[in-house]
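Take a look at the letters that make up each chain.
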Amino acid sequence: MVEKDRTADTDQQKSSISTKAWYCWVIFFACFLMVFTCLGFGSGSRSIYMSAITEALNIKRSLFSINDSIRFLTVSLVNMFFGRLIHKFGERKLVSAGFLCLITSVLLYSGAHGIFTFYVGSILLGIGLAWTTTSMAAYIIKKWFRERSGTILGIVLAANGLGGAISAQIVSPIIYDNNNPFGYRKAYQLLAIILLAVGIVVVSLIRDKDDGHEVTIVQPKVGSPSITAFRQEAGTKSFALYAVCIFLTGTILQSVNSIKSIYMRDIGIDEAFIAAVLSVESLALTAFKFLAGFMYDKKGLRKTLLICDIAAIAMIAALLLVGNSPQGRVAAVLFGFLIALALPLETIMLPLITAELFSERAYAGALGIVVAISTLGCAVGGPLINLIYDLHGTYRLALYVLCVLMLGITISLQVILSAKSRKKHTAPDPR
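Residue positions are counted from 1 within each chain, in the order its sequence is given. Totals for whole chains, interfaces and linings use every residue, but because this is a predicted model, local features are given only for residues with pLDDT of at least 70 and side-chain atom pairs only at 80 or more, for both listing and counting. Hydrogen atoms and water are omitted, and side-chain values are computed over all heavy atoms in the structure.

## Here's the deal with the overall build of the chain
Then step 1. Starting at the N terminus, helices and strands are each numbered in turn, a helix being any DSSP run of H or I of at least four residues and a strand any DSSP run of E of at least two. The secondary structure content of the chain amounts to 18 helices and 0 strands.
Then step 2. Any two residues whose heavy atoms approach within 4.5 Å at even a single point are treated as in contact. Partitioning the intrachain contacts of the chain with sequence separation of at least 6 by distance along the chain shows that 84% fall at a separation of at least 24.
Then step 3. Accessible areas in this description were obtained via Shrake-Rupley with a 1.4 Å probe; residue shielding takes into account the shown protein chains only. Summing over all exposed atoms, the chain offers an accessible surface of approximately 20200 Å²; the carbon and sulfur share of this is 66%.

Right, dumping it as structure tokens:
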């Protein structure tokens, strides 16, 4: 009898292990679908909406662009408490709440008659994205995949580019329906239906996995060794310059990213071609997320960073050359590729540079500060460039200034990394 019980227990354990091994790929699919929809459709095509909404409701572009600032600040704030919330409520409940916030957000957008409704919707959008995209996907993948978790997460996050490419093709014809200046409302309503359908599928597949190896997301306290070490190492001119560089990089990238569609439309390019350029960008971004990591492994940090920085300068130059002519349209397609190569500067490159500048002991504290500074720069970018447009009636002046600033940032970062490299090589051997 005892032997039968042991056999039954063994079979049950084998079945459980088999189920876990099989179900991890279901989790992978759920996370891929979640990022594909929430980031790709919910965020990736947002720039297409600006022109239609501001014209239909007679809203200044600088006021409307504050939506993105609110979204960035909300995501940053909510992520500060991510660890506490995930351990209290579990991933399934947070993902459910995230989809609910996203659906409510786009429904508010679809019925908004004034700017403040859009602001409220952006708060909900930020909460929804915080609970359904990068942080959540990374947390879930880390729990279910003990091996190759980095590669799996890279594939999942690349879904953003694919979702953005498809979204641009679906919503652009609806938004810019010549017979309906409020076509964007139908696009938002369609997006709400898509989010609801995908949300039901994803939530039904997500499991609050507890296998005895719970992943702990550390929230550094003020007195923790990480923060203490960061304060000691950050008290240098090089970090102050680095902080300015990453703030301005976030500002520049988000400035260009927020006005790319409306800028092309202003100079006479049709919506179908703009949607095609955005699709090219999204697909290229999918590839370049992998390429940035590959270049780092093969060529090192300084060369990888230099390539991305030069791409950022070139993308602004390409946007200035965009026009409603064969050459101008070629410049638009080139811009799509270049901005995709530049955008890793505000994602994957941040932890790589921070690891180079700070010790392992200070890394956790430093990375949180660095990401917060970059996000703050992103929050400033959109309203700033649109304020310049409202004052001067053109984006070109701002783009020239951004190009010069990006050149200065490129040189400064190379100087910082070069000085850090020399310091490492001249430091005395601790043995």
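Past the structure itself, the notes keep going.
## A look at the pattern of salt bridges
Then step 1. A carboxyl oxygen of Asp or Glu within 4 Å of a side-chain nitrogen of Lys or Arg is what we treat as a salt bridge. Evaluation of the coordinates by the stated rule reveals 5 salt bridges.
Then step 2. Between Asp68 and Arg71 there is a salt bridge; the shortest N-O distance is 3.2 Å. Residue Asp68 and its partner Arg71 are located together in helix α4 (residues 66-80), separated by 3 residues, close to a single helical turn. Each member of the pair, Asp68 as well as Arg71, is classed as buried.
Then step 3. Where Arg329 meets Asp270, a salt bridge forms, and the shortest distance between an N and an O atom there is 2.8 Å. Residue Arg329 is found in helix α15 (residues 326-342), and its partner Asp270 is found in the loop between α12 (237-266) and α13 (271-299); the two are separated by 59 residues along the sequence.
Then step 4. When a residue's accessible area, from a 1.4 Å probe over protein chains only, is under 20% of the maximum for its type it is buried; when over 50% it is exposed; and in between it is partly exposed. Its relative accessible area of 23% is what places Arg329 among the partly exposed residues.
Then step 5. By relative accessible area, which is 31% here, Asp270 ends up partly exposed.

## Here's the deal with a nonpolar patch on the surface
Then step 1. To count toward a patch, a residue needs a relative accessible area over 30% and no salt bridge; like charges are then connected within 9 Å, while nonpolar side chains (Val, Leu, Ile, Met, Phe, Trp, Tyr) are connected within 5 Å. Taken together, the side chains of Leu73, Leu376, Val380 and Leu384 define a hydrophobic patch exposed on the protein surface, amounting to about 310 Å² of accessible area.
Then step 2. Among the elements that line the nonpolar patch, the one with the most residues is helix α17 (residues 360-392), at 3 residues.

## A short note on the side chain of Ser43
Then step 1. Take Ser43: it is sitting in the loop between α1 (2-38) and α2 (46-57).
Then step 2. Using a relative accessible area of 17% as the deciding quantity, one classes Ser43 as buried.

## Brief notes about the packing of aromatic side chains
Then step 1. Each Phe, Tyr or Trp ring, with Trp reduced to its six-membered ring, pairs with another whose centre is within 6.5 Å; inter-plane angles below 30 degrees give stacked pairs, above 60 give edge-to-face pairs, and intermediate values give tilted ones. Taken as a whole, this structure holds 13 aromatic pairs when the rule is applied.
Then step 2. Between Phe64 and Phe118, the ring centres sit 5.3 Å apart and the planes meet at 70 degrees, which makes this aromatic pair edge-to-face. Of this pair, Phe64 sits in helix α3 (residues 61-64) while Phe118 sits in helix α7 (residues 115-130); the two residues are 54 residues apart in sequence, bridging distant segments of the chain. In this pair, the class of Phe64 matches that of Phe118, namely buried.
Then step 3. An aromatic cluster of three or more residues is present, and its members are Tyr49, Phe64, Tyr109, Phe118, Phe182, Tyr184 and Tyr188.
Then step 4. As a reminder, the over-ring test applies to NZ of lysine and CZ of arginine, requiring each to be within 6 Å of the ring centre and within 35 degrees of the ring normal. Across from the ring centre of Phe72, 4.5 Å away, lies the NZ or CZ of Arg71, which sits over that ring.
Then step 5. Taking the ring centre of Phe273 as reference, the NZ or CZ of Arg329 above it sits at 4.6 Å.

## Observations concerning the side chain of Gln414
Then step 1. With respect to the secondary-structure elements, Gln414 resides in helix α18 (residues 396-426).
Then step 2. Here a polar contact is taken to be a pair of N or O atoms separated by no more than 3.5 Å, where protein atoms must pair a possible hydrogen donor with a possible acceptor and residues adjacent in sequence count only if both atoms sit in side chains. Here the side chain of Gln414 touches Arg302 through a polar contact of 3.2 Å, landing on its backbone oxygen.
Then step 3. Once you skip the residues sitting within four places of it in the chain, Gln414 turns out to touch Arg302, Leu305 and Leu306.

## Observations concerning the packing of α2 against helix α10 (residues 183-205)
Then step 1. Throughout, an axis means a line fitted to C-alpha atoms (over the contacting stretch in the case of helices), and angles, computed between N-to-C directions, take values from 0 to 180 degrees. Closest axis-to-axis distance for the α2/α10 pair is 9 Å, and the angle between their directions is 130 degrees. In terms of their interaxial angle, α2 and α10 are classed as oblique. Here α2 contributes Tyr49, Ala52, Ile53, Ala56 and Leu57 to the contact with α10, which in turn contributes Tyr184, Arg185, Ala187 and Tyr188.
Then step 2. Polar here means any residue outside two lists: the nonpolar Ala, Val, Leu, Ile, Met, Phe, Trp, Tyr, Cys and Pro, and the charged Asp, Glu, Lys and Arg; Gly therefore counts as polar. A per-class count over the contact of α2 with α10 returns 8 nonpolar, no polar and 1 charged. Throughout this description, any angle smaller than 35 degrees is read as roughly parallel, any larger than 145 degrees as roughly antiparallel, any in the 65 to 115 degree range as roughly perpendicular, and the remainder as oblique.

## Considering unusual backbone geometry
Then step 1. A positive phi angle is found at Asn58, which is not glycine, with a value near 55 degrees.
Then step 2. Relative to the assigned elements, Asn58 resides in the loop between α2 and α3.
Then step 3. Take Asn58: its relative accessible area is 71%, and that puts it in the exposed class.

## Digging into the packing of helix α14 (residues 301-321) against α15
Then step 1. Interaxial distance between α14 and α15 falls to 8 Å at its minimum, and their mutual angle equals 155 degrees. Classified by the angle between their axes, α14 and α15 sit roughly antiparallel to one another. By crossing handedness, the relation of α14 to α15 is classed as left-handed. Across the interface between the two elements, Ile307, Cys308, Ala311, Ala312, Ala314, Met315, Ala318, Leu319 and Leu321 of α14 pack against Gly328, Ala331, Phe335, Leu338, Ile339, Leu341 and Ala342 of α15.
Then step 2. For the contact of α14 with α15, a count of residues per class yields 15 nonpolar, 1 polar and no charged. By definition, turning the near helix anticlockwise from the far helix through less than a right angle yields a left-handed crossing, and turning it clockwise yields a right-handed one.

## Let's talk about the environment of Ile259
Then step 1. Looking at where Ile259 falls in the secondary structure, it is placed in helix α12.
Then step 2. Its relative accessible area of 0% is what places Ile259 among the buried residues.
Then step 3. Sequence-wise, Ile259 and Ser51 are 208 residues apart; in three dimensions their C-alpha atoms are separated by 9.4 Å.
Then step 4. Excluding anything up to four places from it in sequence, Ile259 contacts Leu319, Ile385, Asn386 and Tyr395.

## Focus: the environment of Ile269
Then step 1. You can see Ile269 is positioned in the loop between α12 and α13.
Then step 2. Each C-alpha atom, one on Ile269 and one on Gly323, is 7.2 Å from the other, the two residues being 54 residues apart in sequence.
Then step 3. Ignoring any residue separated from it by four or fewer positions in sequence, one finds Ile269 in contact with Met264, Ile274, Val322, Gly323 and Asn324.

## Here we look at the confidence of the model for the chain
Then step 1. pLDDT expresses how confident the predictor is about each individual residue, on a scale running from 0 to 100. Averaged over every residue, the pLDDT of the chain is 81; residues scoring 70 or more account for 81%.
Then step 2. In this model residues 6-19 is a low-confidence stretch, pLDDT under 50, and it forms 0 contacts with partners more than four residues away in sequence or in other chains.
Then step 3. Note that residues 211-224 has pLDDT below 50 and, in this model, 27 contacts with residues that lie over four places away or in other chains.

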